[in-house]
Amino acid sequence: MSATYMPISISLKNRHCLVVGGGKVALRKIENLLDYESEITVIAPEVHDKIEYFAGKGRLKIVHRVYQSPEAENYGLVISACDDDAVNRQVYEDCRAKGIPVNVVDNPPLCDFIFPAVVRRDALTISISTDGKAPFLSGHLRLILENMFQEERWTKIIKLAASFRKKIQSRWPDDHEKRTTAISRFLAVDWQQILKEKKSTEELESYLEELMEN
């Protein structure tokens, strides 16, 4: 069975993103974008109070009017979440004409991309998708994974893993075998127990050095 949406990670840093619509649905999508350092413009005659709040904090720009075709072509990523089907379709068509990724909320046929359910632990991101067919199941699985990947522990583990990677790349830049062996040792560690025994950053960094010497 073929899938529609390929899972990829794309940088939104400094990317100009457009959200058409200012209600609760638009707000949810905006809150997703705010985590990724994107530059957000919201176009809607009226917007939710929280969107106004974000604008007041300088985190996004609001244009208080209806969407004017084909202005979506001026952005790098577009979400349409208004309650006017004709406007949503126009936004979609404007984006498709210029090859701009677009998501029309709750309308999979008008989506180039969808929002997976996400569990984030610092630099670790776990995404779950049902290809837009059963998003309630994705949400359920996200709750299960949030319990499995306890936040405090996994935030520490990902930071240690990033630090360890830098150490082995610096020590053995041209020795793939030694880097691979060191990584295997890192993955074999009972990190739950180690994090109980070693509380300070200094102790943990020292332990990483020990892993490199074994």
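Trainee: Tell me about the packing of helix H5 (residues 151–171) against helix H6 (residues 176–188), residues and numbers included.
Mentor: Following both chains from N to C, one finds H5 and H6 inclined at 160 degrees, their axes separated by 10 Å at the closest point. By the angle between their directions, the pair H5 and H6 is classed as roughly antiparallel. Crossing hand, H5 versus H6: right-handed. The segment H5 lies against H6, with Ile157, Leu160, Ala161, Phe164, Ile168 and Gln169 engaging Arg179, Ala182, Ile183 and Phe186. Considering only residue class, the contact of H5 with H6 consists of eight nonpolar, one polar and one charged.

Trainee: Describe in detail a nonpolar patch on the surface, supporting the description with residues and values.
Mentor: On the surface, Phe136, Leu137, Leu141, Ile144 and Met148 cluster together into a nonpolar patch covering about 490 Å² of accessible area. If you trace the backbone, Met148 turns up in helix H4 (residues 135–148). The class for Met148 is exposed, based on a relative accessible area of 52%.

Trainee: Account for the packing of aromatic side chains, naming residues and giving values.
Mentor: Scanning the entire structure with this criterion turns up six aromatic pairs. Considering the side-chain rings of Phe186 and Trp191, the 4.7 Å spacing of their centres and the 45 degrees angle between planes classify their relative orientation as tilted. Trp191 shares its class with Phe186; the two are buried. Among the aromatic residues, those joined into a ring-pair cluster are Phe164, Phe186, Trp191 and Tyr207. The ring centre of Trp172 lies 5.7 Å from the NZ or CZ of Arg171, which sits over that ring.

Trainee: Go over the state of the cysteines with me, naming the residues and quoting the values.
Mentor: Counted under the stated rule, the structure contains zero disulfides. Cys95 provides the cysteine sulfur closest to Cys82, a residue in no disulfide bond, and the two sulfurs are 12 Å apart. In this structure Cys95 is a free cysteine whose sulfur lies 11 Å from that of Cys111, the closest cysteine sulfur available.

Reading guide: rules and limits
- Residues numbered from 1 in each chain as written.
- Predicted model: local features only at pLDDT ≥ 70, side-chain atom pairs only at ≥ 80, totals over all residues.
- Heavy atoms only, no water.
- Axes fitted to C-alpha atoms, helices over the stretch in contact; angles between N-to-C directions.
- Helix = DSSP H or I, 4+ residues; strand = E, 2+ residues; numbered from the N terminus.
- Parallel < 35°, antiparallel > 145°, perpendicular 65-115°, else oblique.
- Left-handed = near helix turned anticlockwise from the far one by under 90°.
- Contact = heavy atoms within 4.5 Å.
- Nonpolar A, V, L, I, M, F, W, Y, C, P; charged D, E, K, R; others polar.
- Patch = residues over 30% accessible without salt bridge, like charges linked within 9 Å, V, L, I, M, F, W, Y side chains within 5 Å.
- Areas by Shrake-Rupley, 256 points an atom, 1.4 Å probe, with all protein chains shown as cover.
- Salt bridge = Lys/Arg side-chain N within 4 Å of Asp/Glu carboxyl O.
- Buried < 20%, exposed > 50% of the residue type's maximum accessible area, 1.4 Å probe, protein only.
- Phe/Tyr/Trp six-rings, centres within 6.5 Å; stacked < 30°, edge-to-face > 60°.
- Lys NZ or Arg CZ within 6 Å of the ring centre and 35° of its normal.
- Disulfide = S-S within 2.5 Å.

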